[in-house]
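Coordinate inspection notes
The residues making up each chain are set out below.
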Amino acid sequence: RQAAFRTDLSVLLDQVGGGKESLSFMKRRIRRLAPQWATAANRLGAKLGQRWRDQKKILIHVGFLTEESGDVFSPKVLKGGPLGEMVQWADILTALHVLGHNLKISMSVKELQGIMLKVVFNRGSCPLTGPLPFDLIYTDYHGLQQMKQHMGLSLKKHKCHIRVIDTFGTEPAYNHEEYATLHGYRTNWGYWNLNARQYMTMFPHTPDNSFMGFVSEELNETEKRSIQQNKVNNMAVVYGKEASMWKGKDSFLEILHKYMEVHGTVYYETQRPPEVPAFVKNHGLLPQHELQQLLRKAKLFIGFGFPYEGPAPLEAIANGCIFLQPKFQPPHSSLNHEFFRGKPTSREVFSQHPYAEEYIGRPYVMTVDYNNSLEFDSAVKEIMRTKVEPYLPYEYTCEGMLERVHAYIQNQDFCVPEPPWPPLSSLRLLVSQEGQSCVEACQSAGFICEPAHFRFVNNKEALRGLEVQCEVVDSEINHILPAFSVMRRECSLQREPLLFSCAGHSPKYRRLCPCRDFLRGQVALCRDCL
Ligand code: UDP
């Protein structure tokens, strides 16, 4: 069946159900952004023209919100706990619904079992042994674990249909069970032996994974103009809804306060949290739309290092703020920071919000060394002088997200060994420097690493084309391959396709890197990808 765009979200809102605070938060968000989604659907519809889009049967099982996973998020929705995941799930649900697919939504293990049972009844086929009644399953690490418990071995058979929503990303070395175990990449999360592109991230930080994203509020021209007229040049909002994020930040707050009126949205019960200085105007945790209103007036949105990589800085920039954030030197990673410890990635984070730094940058984003109070001081002064327009990268608009998810759903196929997408026309073969990863090598040439293209460069012909003098060419299981050592005149190809990895580097090896072009403002898609 052909999928038809939907602009009415009432069926989706009914499907999400209710009761828990987390679900209410998601429903409020879906309702608030409904007009924006409808406009985006019409625009993308016009852009794609009469193109055929398959309607897919999709199961969505949100594992982290189930009681069985301990649901640590729901009780904290109104108390300053993390909301990024709920923002993203609300937007994924909406995107799939708007694209016109056939959704079954489960937020508890009971619902999951119910859905599976119904399928048995209606079709007389057993989901445990018969064909999978869904084309796609979106879940998260918690959900994956639960499905394994309830589907057992059949999960393995249906693995290629699964997509795992994974905020911070999973690198191939951590995903490959045997390799992870042997080489010290074992964590609580990885080792599912999926194709790494089946993991879908919040930001495009790990090209080994697919970039799913979320959306931010969009403004029309009238709103943009009125925001610019009503900006209060000396008004700052602090990024951090939980009091602990303010701990030990007094000296920066003092400097900031020399020039600006400082606002906060820190959750509190009855008393003002002691971490928040008296001169700060604390609004308490705000509903999303009220936070937007505050950001529309403010000139500066300032981060103190935590939380990492959340949605709020994009919302601030979309509402005409400049985002000021700390540089991390040395970078934070699972090796040296508690928050990342045990996460299935070695990615090094060089600032609080690397996407803001690398993809948006000045004048919207300033990343400075907070240990240098002069640098901090002059950044604040510069921000007060600088005029910016509200800005939102296309990939974080509703249309951008719909376009990307549409492209994934229609083209990404992990059930066949040699899928034709993304098209080979997008490939640019590069060689990294010694010690450089393919993520960096591609990036420094204005491209992005494309793991799907490794299979085209993992051969002797590719090595010959580069005029590398190999004395030996062997094949091994190692996530930095294919690569060669100049010194030793040794070339190695990759023997395990699951270990093709953009991440990973070695001081002795130069890597063969399959890079690809990308659309401006839509890094997930190549020029011929749509
Ligand atoms: N947020 C909110 N009220 C507030 C502060 C933040 O509703 O007072 C929302 C904000 O709009 C954003 C979400 O919280 O969409 C997540 O924000 P953050 O960047 O802090 O990421 P998190 O660490 O919560 O995942």
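Just so you know, these numbers come straight off a predicted model, no measurement behind them. (Residues numbered from 1 in each chain as written. Predicted model: local features only at pLDDT ≥ 70, side-chain atom pairs only at ≥ 80, totals over all residues. Heavy atoms only, no water.)

A few points about the site of the ligand
Every one of the 16 residues lining the ligand counts as a neighbour, but Leu83, Tyr239, Lys241, Leu286 and Glu315 are closest to it. Within the side chain of Tyr239, a nitrogen or oxygen atom sits 2.6 Å from an oxygen atom of the ligand. Pro311 is positioned with one of its backbone polar atoms (N or O) 3.2 Å from an oxygen atom of the ligand. Protein chains bury 93% of the 540 Å² of accessible surface belonging to the ligand in isolation. Mapped by element, the contributors of at least two residues to the shell around the ligand are helix H3 (84-98), helix H11 (288-297) and helix H12 (312-318). When grouped by side-chain class, the residues that make up the shell around the ligand number 10 nonpolar, 4 polar and 2 charged. (Near = heavy atom within 4 Å. Polar contact = N/O pair within 3.5 Å; in protein donor to acceptor, adjacent residues only side chain to side chain. Areas by Shrake-Rupley, 256 points an atom, 1.4 Å probe, with all protein chains shown as cover. Helix = DSSP H or I, 4+ residues; strand = E, 2+ residues; numbered from the N terminus. Nonpolar A, V, L, I, M, F, W, Y, C, P; charged D, E, K, R; others polar.)

Quick look at the nonpolar core
Core analysis: the largest hydrophobic core is formed by 110 residues, its most contacted members being Ile60, Tyr138 and Leu324. Of all the elements, helix H2 (residues 21-48) adds the most residues to this core, at 11 residues. Residues in contact with Tyr138, not counting those within four places in the same chain, are Ile58, Leu59, Ile60, His61, Trp89, Leu96, Arg163, Ile165, Met200, Met212 and Ile409. (Core = buried A, V, L, I, M, F, W, Y, C linked by side-chain atoms within 4.5 Å. Buried < 20%, exposed > 50% of the residue type's maximum accessible area, 1.4 Å probe, protein only. Contact = heavy atoms within 4.5 Å.)

Brief notes about the environment of Phe340
With respect to the element layout, Phe340 can be found in the loop between strand S11 (322-332) and strand S12 (349-351). In this structure the C-alpha to C-alpha distance between Phe340 and Phe168, which are 172 residues apart in sequence, comes to 8.8 Å. Residues in contact with Phe340, not counting those within four places in the same chain, are Phe168, Tyr308, His332, Ser333, Ser334 and Val349.

Comments concerning the confidence of the model for the chain
Do not read the fine detail of predicted coordinates wherever pLDDT is low. For the chain, the mean per-residue pLDDT works out to 95, and 97% of the residues sit at or above 70. The complex prediction reports pTM at 0.97, with the ipTM value standing at 0.97. (pLDDT = per-residue confidence, 0-100.)

Description of the sheet that holds strand S6 (residues 210-211)
Ordered by their spatial adjacency, 6 strands build an open sheet running S2-S1-S3-S4-S5-S6, and the pairing between neighbours is parallel. The open sheet terminates on both sides in strands that have one partner only, identified here as strand S2 (102-106) and S6. With 5 bridges connecting them, strand S1 (residues 57-61) and S2 associate as parallel partners. Pairing of Ile58 across the sheet is with Leu103, part of S2. (Pairing = 2+ DSSP bridges.)

A few points about H2
Of all the bends in H2, the largest measures some 55° and sits at Ala34, one to four residues before the proline Pro35. Positive backbone phi, approximately 60°, marks Gly49, located one or two places after H2. (Bend = angle between axes of the 7 residues up to and from the residue.)

Examining the state of the cysteines
A disulfide bridge is the covalent bond that connects two cysteines by way of their sulfur atoms. Throughout the structure, instances matching the rule amount to 6 disulfides. Through a disulfide, Cys449 is tied to Cys502; the S-S separation comes to 2.2 Å. Here Cys449 and Cys502 share a disulfide; its torsion about the S-S bond, -80°, makes the bridge left-handed. Of this pair, Cys449 sits in strand S15 (residues 448-449) while Cys502 sits in the loop between strand S18 (490-494) and strand S19 (510-516); the two residues are 53 residues apart in sequence, bridging distant segments of the chain. A relative accessible area of 2% places Cys449 in the buried class. With a sulfur-sulfur separation of 1.9 Å, Cys470 is cross-linked through a disulfide to Cys491. Note on the Cys470 and Cys491 pair: the S-S dihedral is about -80°, so by sign convention the disulfide is left-handed. Within this pair, whereas Cys470 is found in the loop between helix H18 (460-465) and strand S16 (472-476), its partner Cys491 is found in strand S18, the two being separated by 21 residues in sequence. Assessed through its relative accessible area of 26%, Cys470 is described here as partly exposed. (Disulfide = S-S within 2.5 Å.)

A closer look at the packing of helix H10 (residues 250-259) against helix H14 (residues 373-385)
It is at 10 Å that the axes of H10 and H14 come closest, and there the two elements cross at 35°. H14 is crossed by H10, and the crossing has right-handed handedness. Counting all contacts with H10, which are made through Phe252, Ile255, Leu256, Lys258 and Tyr259, the residues of H14 involved are Ser373, Phe376, Asp377, Val380, Lys381 and Met384. Taken together, the residues that form the contact of H10 with H14 break down as 7 nonpolar, 1 polar and 3 charged. (Axes fitted to C-alpha atoms, helices over the stretch in contact; angles between N-to-C directions. Left-handed = near helix turned anticlockwise from the far one by under 90°.)

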